[in-house]
Amino acid sequence: GIQVEQSPPDLILQEGANSTLRCNFSDSVNNLQWFHQNPWGQLINLFYIPSGTKQNGRLSATTVATERYSLLYISSSQTTDSGVYFCAASYYGQNFVFGPGTRLSVLP
Amino acid sequence: DAGITQSPRHKVTETGTPVTLRCHQTENHRYMYWYRQDPGHGLRLIHYSYGVKDTDKGEVSDGYSVSRSKTEDFLLTLESATSSQTSVYFCAMAGSPGPGELFFGEGSRLTVL
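Below is a summary of the structure that appears in this document.

Time to look at the layout of surface pockets. Roughly 630 Å³ of internal volume is contained in the largest pocket. As for the largest pocket, its lining consists of 31 residues, and the residues nearest its centre are Q37, G41, V84 and R103 of chain A together with Q37 of chain B. When residues in the lining of the largest pocket are grouped by element, the largest group, 4 residues, is from strand 11 (residues 102-107) of chain A. Here the lining of the largest pocket is built from residues that sort into 10 nonpolar, 15 polar and 6 charged. By volume, the second largest pocket amounts to about 220 Å³. Elements with a contribution of two residues or more to the lining of the second largest pocket: strand 10 (97-98) of chain A together with strand 5 (42-51) of chain B. Considering every element that reaches the lining of the second largest pocket, the biggest residue donor is strand 5 of chain B, with 4 residues. By residue class, the composition of the lining of the second largest pocket is 6 nonpolar, 6 polar and 2 charged.

Following this line, the structure appears as structure tokens:
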């Protein structure tokens, strides 16, 4: 089945800095999503992005399906961006496989 | 307007007692999932459903059963809770075709003493 890796595992930033989080997956996928788990434990959808590029405010994501990776960009980070970022992938009819997450701490 | 809710949100129980967690969705989505989240293990799939009365096991299904008698409800049952089932449980839903985009409930924190 699909395997999903994320890097880096931990990231500490100063407020205002930019960052790039990476998600690698082992097989073809037709569904790739990014989630943010905030410090209260809520899992929030960021992007549904099986291919291409999307932007939402300070966040953007790019998935290159042929090369089996996705990137999440966070610009001008804020303390509210802290938490764990997960990517999850699936292929037709198969279940979602989650990466281990990147823990982001944004310092004031 | 969450579209997917879980109950109870918090529960403390004793070893050996049965526990049922409920997941309710209002989106008429076909797919529903139960995950557990533990430190160091990320999100692991317990059971999932791809339609009414259609369910299947995930990677950590031992000690759990599920039922889906209506599209909107997906129940997770621990027949005899053990301390190793202390965890945070998340329900999720996804629409067709696909499954499509996955949306999570708020989570249920279960403590088994």
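Quick look at the interface of chain A and chain B now. Taken together, the 15 residues of chain A in the interface contact 15 residues of chain B. Summed over both partners, the interface of chain A with chain B comes to about 1400 Å²; 59% of that surface belongs to carbon and sulfur atoms. Ranking the residues of chain A by area buried against chain B places L43, N95 and F96 of chain A at the top, with a combined share of 38%. For the pair chain A and chain B, the number of links is 0 salt bridges. The interface formed by chain A and chain B includes 5 residue pairs in polar contact (both at pLDDT 80 or more). Within the residue set of the side of chain A that touches chain B, elements represented by two or more residues are strand 4 (31-37) and strand 5 (43-48) of chain A. Ranked by residues supplied to the side of chain A that touches chain B, first place goes to strand 4 of chain A with 4 residues.

Calculation rules
Residues numbered from 1 in each chain as written. Chains lettered and ligands numbered in written order. Predicted model: local features only at pLDDT ≥ 70, side-chain atom pairs only at ≥ 80, totals over all residues. Heavy atoms only, no water. 1 Å grid on protein atoms, 1.4 Å probe; cavity = no way out; pocket = protein on both sides within 12 Å on 5 of 7 lines; lining within 4 Å. Points joined across faces, edges and corners; volume = space filled by probe spheres on them. Helix = DSSP H or I, 4+ residues; strand = E, 2+ residues; numbered from the N terminus. Nonpolar A, V, L, I, M, F, W, Y, C, P; charged D, E, K, R; others polar. Contact = heavy atoms within 4.5 Å. Buried area = accessible area lost by both parts, 1.4 Å probe. Salt bridge = Lys/Arg side-chain N within 4 Å of Asp/Glu carboxyl O. Polar contact = N/O pair within 3.5 Å; in protein donor to acceptor, adjacent residues only side chain to side chain.

Note that every value here comes from positions in space, so none of it alone points to a role or purpose.
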